[in-house]
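Spelled out, the chains give:
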Amino acid sequence: MIRIVDYGVGNVQAFMNLFKHSGIQAARATTSDELEDATRLVLPGVGHFDHAMQRLNDSGMRSVLDQMVLERHVPIVGVCVGMQMLADSSEEGKMPGLGWIPGRVKSFANNPAAANLPMPHMGWNTLKPEPDSGLFSYGFDSDPQFYFLHSFYFDAEDKRDVTATANYGVDFDAVVSRGHIHGVQCHPEKSHYWGVQLLKNFAEFS
């Protein structure tokens, strides 16, 4: 059972619809008890980093998620701000992140190579995946296209955790994976074939 963490931030229904159309069993989780049967987890997120972290901390699910991911090694994928929450901290806010994948979230506006570009980075962009990444293990060609909407990006401390990059003035870490913990900056639920395939690979191979 894939459980989509519903803490009031992110389009949970879009993921529910995508998994249903792919024939993959999924349900939302709004309480710690509803998380318990999860064999995989999706952590969506939109908006401001601190707001999302506060909502997760207040949801009553934070400690159970820590236990499931760090002790039971239940696979998880964070999406957009859900990916950024995997980091230690963010330039967008003051609250600590989950710290599951070492790194810091940075602003395009503070990077000279991207500072003059329109913000947010919005629209379709090409991913450059690593060939041994489980999320891209099946069904991808050399130039998969994904939809992005963000002004901040994950900067992994250990670049061995980076499984795909994209470019917006600067190459940035678009997908990270540390064992069973994954994060994608793009929106697979809005990325048509490529997004469906990525989430199917997460469900079947990660």
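Residues numbered from 1 in each chain as written. Predicted model: local features only at pLDDT ≥ 70, side-chain atom pairs only at ≥ 80, totals over all residues. Heavy atoms only, no water.

Trainee: What am I meant to see in the state of the cysteines here?
Mentor: The bond known as a disulfide is covalent and runs between the sulfur atoms of two cysteines. Counted by the stated rule, this structure contains zero disulfides. Cys-80 carries a free sulfur, and the closest cysteine sulfur to it, the one in Cys-186, is 9.0 Å from it. A residue is classified by how much of its surface remains accessible, and Cys-80, at 4% relative accessible area, is buried. (Disulfide = S-S within 2.5 Å. Buried < 20%, exposed > 50% of the residue type's maximum accessible area, 1.4 Å probe, protein only.)

Trainee: Would you take a moment to explain the nonpolar core for this structure?
Mentor: Inside soluble globular proteins, nonpolar side chains tend to come together where they are buried. In terms of nonpolar packing, the biggest core is built from 68 residues, with Leu-41 and Met-85 touching the most fellow members. Non-local contacts of Met-85, meaning those with residues more than four positions away in its chain, are made with Tyr-7, Leu-43, Phe-49, Ala-52, Met-53, Leu-56, Gly-97, Leu-98 and Gly-99. (Core = buried A, V, L, I, M, F, W, Y, C linked by side-chain atoms within 4.5 Å. Contact = heavy atoms within 4.5 Å.)

Trainee: I'm lost on helix α3 (residues 49-58) in this one. Help?
Mentor: The periodicity of an α-helix, 3.6 residues per turn, causes residues three or four positions apart to be oriented the same way. Among the residues making up α3, those that are buried are Phe-49, Asp-50, Ala-52, Met-53 and Leu-56. For α3, the buried positions fall inside an angular range of 165 degrees around the axis, keeping them on one side. The inward-facing, buried residues of α3 abut β1 (2-5), α4 (62-71), α5 (81-84) and β5 (89-90). Where α3 ends, the next residue or the one after it, Gly-60, has phi of about 85 degrees, a positive value. (Helix = DSSP H or I, 4+ residues; strand = E, 2+ residues; numbered from the N terminus. Arc of directions from axis to C-beta.)

Trainee: In this structure, what is going on with the pattern of salt bridges? I would like to understand it.
Mentor: Two side chains carrying opposite charge are able to pair once their charged atoms lie near each other. Under the counting rule described, the total for this entry stands at nine salt bridges. The partner of Arg-3 in a salt bridge is Asp-37, with the nearest N and O atoms 2.9 Å apart. With Arg-3 in strand β1 and Asp-37 in the loop between α2 (32-35) and β3 (40-43), this pair connects stretches of sequence that are 34 residues apart. With a relative accessible area of 38%, Asp-37 lands in the partly exposed category. One salt bridge connects Arg-62 with Asp-66, and the closest N-O pair in it is separated by 3.2 Å. (Salt bridge = Lys/Arg side-chain N within 4 Å of Asp/Glu carboxyl O.)

Trainee: Sorry, what's going on with unusual backbone geometry here?
Mentor: Glycine aside, residues mostly have negative phi, and peptide bonds are mostly found in the trans state. The step from Met-119 to Pro-120 runs through a cis peptide bond, and the omega angle for that step is 5 degrees. For Pro-120, the location among the structural elements is in the loop between β6 (103-107) and β7 (121-126). Although it is not a glycine, His-73 adopts a positive phi angle of roughly 55 degrees. One can find His-73 in the loop between α4 and β4 (76-79). For His-73, a relative accessible area of 48% puts it in the partly exposed group. Even without being a glycine, Cys-80 presents a positive backbone phi close to 55 degrees. Structurally, the position occupied by Cys-80 is in the loop between β4 and α5.

Trainee: Just to check I follow, could you spell out the pairing of strand β11 (residues 162-167) for this structure?
Mentor: Side-chain positions along a regular strand alternate between the two faces of the sheet. Bridge count for strand β8 (residues 128-129) against β11 is two bridges, and the pairing is antiparallel. Looking at β11, one finds that Lys-128 is bridged to Thr-165. Examined bridge by bridge, β11 and strand β12 (residues 171-178) share five bridges and lie antiparallel to one another. Bridge assignment links Ala-166 to a residue of β12, and that residue is Phe-172. Hairpin connection, β11 to β12: the antiparallel pair is bridged by three residues, and Gly-169 has positive phi, about 80 degrees. (Pairing = 2+ DSSP bridges.)

Trainee: In this structure, what is going on with the environment of Phe-202? I would like to understand it.
Mentor: Considering the arrangement of structural elements, one finds Phe-202 in helix α6 (residues 192-205). The sequence separation of Phe-202 and His-180 amounts to 22 residues, and the corresponding C-alpha distance is 9.6 Å. Filtering out sequence-adjacent residues up to four positions away, Phe-202 remains in contact with Arg-40, Leu-41, Val-42, Pro-75, Ile-76, Val-77, Leu-135 and His-182.

None of this, on its own, says anything about what the molecule does.
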